[in-house]
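The residues making up each chain are set out below.
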2 protein chains.
Amino acid sequence: MAEHISKQFDMELETIRTRVLQMGGLVEQQILSAIDALMSGDIAKFDKVITEDALVNSMEVTIDDDCQHIIARRQPAASDLRIIITVIKTITDLERIGDEAQKIARMGKTIYQSERYQMPRFREIRKMAEVALAMLRRALDAFARLDASAALELAEEDMRLDDDFAAELRQLITFMMEDPRTISMSIDTLFISKAIERIGDHSKNISEYVVYLVKGKDIRHTSLEDIKRETLGH
Amino acid sequence: MAEHISKQFDMELETIRTRVLQMGGLVEQQILSAIDALMSGDIAKFDKVITEDALVNSMEVTIDDDCQHIIARRQPAASDLRIIITVIKTITDLERIGDEAQKIARMGKTIYQSERYQMPRFREIRKMAEVALAMLRRALDAFARLDASAALELAEEDMRLDDDFAAELRQLITFMMEDPRTISMSIDTLFISKAIERIGDHSKNISEYVVYLVKGKDIRHTSLEDIKRETLGH
C-alpha cells in the first residue's frame, strides 16, 4: 500500500516535472519568435507571440494547482516538499519570462507599425538575446537534471549580460547626444535590451532554486565567491 | 490533542503572518528612505538603504523556511495550505520590491556623486512614488485583512501608474530631442520611474494572491472586467 502510494506520488511528481519543462519549452519558443519577428518585421508573428502568452499563463495556473493538490493529498516529506516549492517558484519566473517575450513582441509591433527614422540596433539585440536564451536553456537543463553547478555559471553569465546592457546604454546615450534624431531608435533599443536582461535575471533565479533543491541551501542573495564555494566546494 | 495541535498550528500561522507584515513594513521604509534621499542627496541614507536590503533578503529566507517547516510538520488541509503558498509568493514579491528600492538608492547615489548637468525630474518621481507606496500599503492591508476587493483597485491603480510612466517617457523624449544636454538627466529619470512602476506591479501581484486565497479563484492574467465581476459580483 505504501509502495503503491509512493509510486502514485512519484508519477504525479514526474507529470509536474514534465509540465514545467513543456512550459519552459514554450517560453523559449516565445522568445525565439519575438526576436525573429523583430529582425524580419513579421507582424503576424508578433501577434502570435502576444496571443500565446495566454497559454504560458494558463500553464502556470495549471501546474500551480497540481502542486497544491499534490501537497494536500500526498502530504510529502520535507525533501519532496522542496521539489514542489521549487516548481511553484520556477513556474512564476517562467511566466515572467513569458511576459518579457510578449513585451518584446508588443514593442516590435509598435516599431514596425509607426514612422521610425531608424530601426533599433538589431545586431546588439540579437547578441544579447542569444546569451539570455542560452541562460534559459541552461536553467531548464539544471532543473531537469537537478544540477546545482549551473547556478555558478548563470550567476556569472548574468553579470556579463548586465555589463552588456550597461555598455549598450552608454553607446545609446552617445548616439543620442550626437544626433537627437536617433532618440526614438535608442529608446526602442533600450527597452528591448532591458526585457532581454530581465530574461537573464529570471533564468538565474531558476538555477538558484535548483541549488536550494539539491543542497537544501538557499544561495539567493549570496556573493559569487560564496556561490563558488557552495557549488564546487565539497 | 487535536485542539492542541490546531492551536499550535494557528499560533505558527499567526507568527508567519506577523513576519510578512514586518517584512512589508521594512520594504515600505526602504522605499521612503530611497525617495527621501533622492530629494535631499543624503549619501548616508542611500548607503543605509543599500545595506539594509540584506535584511529584507534574510527575512524572505526565514519566512520561506518557516512556511516549508509548517507544511512538513503540520500537514495542513487545502485551505490552510493556500494561506502558506500565498505567503511564499507574497514574500517573493516583497523581496523584489526591496530590490527596486535598493536600485533607486544605487542610482541616486551615482547621480549625486557624479557630474550632472541637471538633476532628475524629482517632482514627477515623487508623485509616482507616492502612488506606488499607497499601492504597497493597500496590498499589505489586503493581506492582513484577507480583503479581496483590493485587487480591483490595485489593478486600476497599476494601469494609471503605467500610464504615468508612459507619459513621463514621452515628456523625456521631447526634452532630449529639444536639448541633448538633458539626455543624462532623462535617462536617470527614466530608470528611477521604471523602478517605481515595477513596485506598483509587484504590489498588484500581492493583491491578486489575496483574491486567490480568499476566493480560491486565480485572477492573475484576468481582464479588468473579469476582476470586477469576481471581486464585486456575489
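Keep in mind the model is a prediction, meaning the values are calculated, not measured. (Residues numbered from 1 in each chain as written. Chains lettered and ligands numbered in written order. Predicted model: local features only at pLDDT ≥ 70, side-chain atom pairs only at ≥ 80, totals over all residues. Heavy atoms only, no water.)

Quick notes on the pattern of salt bridges
(1) Moving on: With the rule as written, the count across this model stands at 50 salt bridges over all chains.
(2) Moving on: The residue E100(A) makes a salt bridge to R198(A) at a minimum N-O spacing of 3.3 Å. Here the residue E100(A) occupies a position in helix α3 (residues 78-113), and R198(A) occupies one in helix α6 (residues 183-215), the gap between them amounting to 98 residues. With respect to burial, E100(A) and R198(A) carry one shared label: buried.
(3) Moving on: The partner of D141(B) in a salt bridge is R138(B), with the nearest N and O atoms 3.6 Å apart. Placement of both D141(B) and R138(B) in helix α4 (residues 122-145) is noted, with a separation of three residues, approximately one turn of the helix.
(4) Moving on: The structure contains a network of salt bridges with shared partners spanning R138(A), D141(A), R145(A), D147(A) and E153(A). (Salt bridge = Lys/Arg side-chain N within 4 Å of Asp/Glu carboxyl O. Helix = DSSP H or I, 4+ residues; strand = E, 2+ residues; numbered from the N terminus. Buried < 20%, exposed > 50% of the residue type's maximum accessible area, 1.4 Å probe, protein only.)

Section: α4(B)
(1) Moving on: The first and last C-alpha atoms of α4(B) sit 34 Å apart over 24 residues, in line with the 34 Å expected at 1.5 Å per residue.
(2) Moving on: Once α4(B) ends, the next one or two residues include L146(B), with phi positive near 50 degrees. (Expected span 1.5 Å × (residues − 1).)

Here's the deal with the confidence of the model for chain A
Residues and elements named next belong to chain A.
(1) Moving on: Summarising the model, chain A shows a mean pLDDT of 90, and 94% of its residues fall at 70 or more.
(2) Moving on: Taken element by element, chain A is modelled with least confidence in helix α7 (residues 224-232), mean pLDDT 70, and with most confidence in helix α4 (residues 122-145), mean pLDDT 95.
(3) Moving on: ipTM for the predicted complex: 0.81, alongside a pTM of 0.87. (pLDDT = per-residue confidence, 0-100.)

Some thoughts on the nonpolar core
(1) Moving on: In terms of nonpolar packing, the biggest core is built from 124 residues, with I31(A), I104(A), I196(A), I31(B), I104(B) and I196(B) touching the most fellow members.
(2) Moving on: Each residue touching I196(A), except ones within four places of it in the same chain, is listed here: I35(A), I104(A), I125(A), M128(A), A129(A), A132(A) and L161(A). (Core = buried A, V, L, I, M, F, W, Y, C linked by side-chain atoms within 4.5 Å. Contact = heavy atoms within 4.5 Å.)

What to know about the environment of V27(B)
(1) Moving on: Mapping V27(B) onto the fold places it in helix α1 (residues 2-40).
(2) Moving on: In contact with V27(B), not counting residues within four places along its chain, are V56(B), L94(B), I97(B), G98(B) and L136(B).

Describing the side chain of D188(A)
(1) Moving on: Here D188(A) shows up in helix α6.
(2) Moving on: Apart from the residues lying within four places of it in its own chain, the contact partners of D188(A) are I111(A), R116(A) and P120(A).

Some points on the relation of the copies chain A and chain B
(1) Moving on: Take chain A, turn it by 180 degrees, move it 0.0 Å along the axis, and it overlays chain B with an RMSD of 0.0 Å. Taken together, the rotation and translation describe the operation of a two-fold axis. Every residue of chain A has its C-alpha some distance from the rotation axis, and the shortest such distance is that of Q75(A), at 3.0 Å.
(2) Moving on: Looking at the interface residues of chain A, 100% of them are also at the interface in chain B, so both copies use one shared face. (Least-squares fit on C-alpha atoms with pLDDT ≥ 70 in both.)

Considering the interface of chain A and chain B
(1) Moving on: On the side of chain B, 37 residues touch chain A, which itself brings 37 residues to the contact.
(2) Moving on: When chain A packs against chain B, close to 3,300 Å² is buried across both sides, 63% of that on carbon and sulfur atoms.
(3) Moving on: Taken as a group, Q68(A), F191(A) and H221(A) account for 16% of the area that chain A buries against chain B, more than any other trio of residues on that side.
(4) Moving on: In this structure, the connection of chain A to chain B is made through four salt bridges.
(5) Moving on: A salt bridge links D64(B) to K89(A); its shortest N-O distance comes to 2.6 Å.
(6) Moving on: Our count for the contact surface shared by chain A and chain B stands at six residue pairs in polar contact (both at pLDDT 80 or more).
(7) Moving on: Breaking the side of chain A that touches chain B down by element, the ones donating at least two residues are α2 (43-74), α3, α5 (150-178) and α6 of chain A.
(8) Moving on: At 10 residues, α3(A) tops the list of elements feeding residues into the side of chain A that touches chain B.
(9) Moving on: A per-class count over the side of chain A that touches chain B returns 19 nonpolar, five polar and 13 charged. (Buried area = accessible area lost by both parts, 1.4 Å probe. Polar contact = N/O pair within 3.5 Å; in protein donor to acceptor, adjacent residues only side chain to side chain. Nonpolar A, V, L, I, M, F, W, Y, C, P; charged D, E, K, R; others polar.)

Observations concerning the environment of I192(B)
All names here are of chain B.
(1) Moving on: Checked against the element boundaries, I192 lands in helix α6 (residues 183-215).
(2) Moving on: Distance in space between the C-alpha atoms of I192 and A105 is 9.3 Å, their sequence separation being 87 residues.
(3) Moving on: Setting aside residues up to four positions removed in sequence, I192 forms contacts with L38, I104, M107, I111, P120 and I125.

A few points about the UniProt feature "domain: PhoU" (unreviewed entry) in chain A
(1) Moving on: Mapped onto this numbering, the UniProt entry annotates "domain: PhoU" (unreviewed entry) at residues 21-106 and 125-210 of chain A.
(2) Moving on: Secondary structure content for residues 21-106 of chain A is 94% helix and 0% strand, while the C-alpha to C-alpha distance between its ends is 25 Å. (UniProt positions renumbered as here; feature names shortened; annotations may be inferred.)

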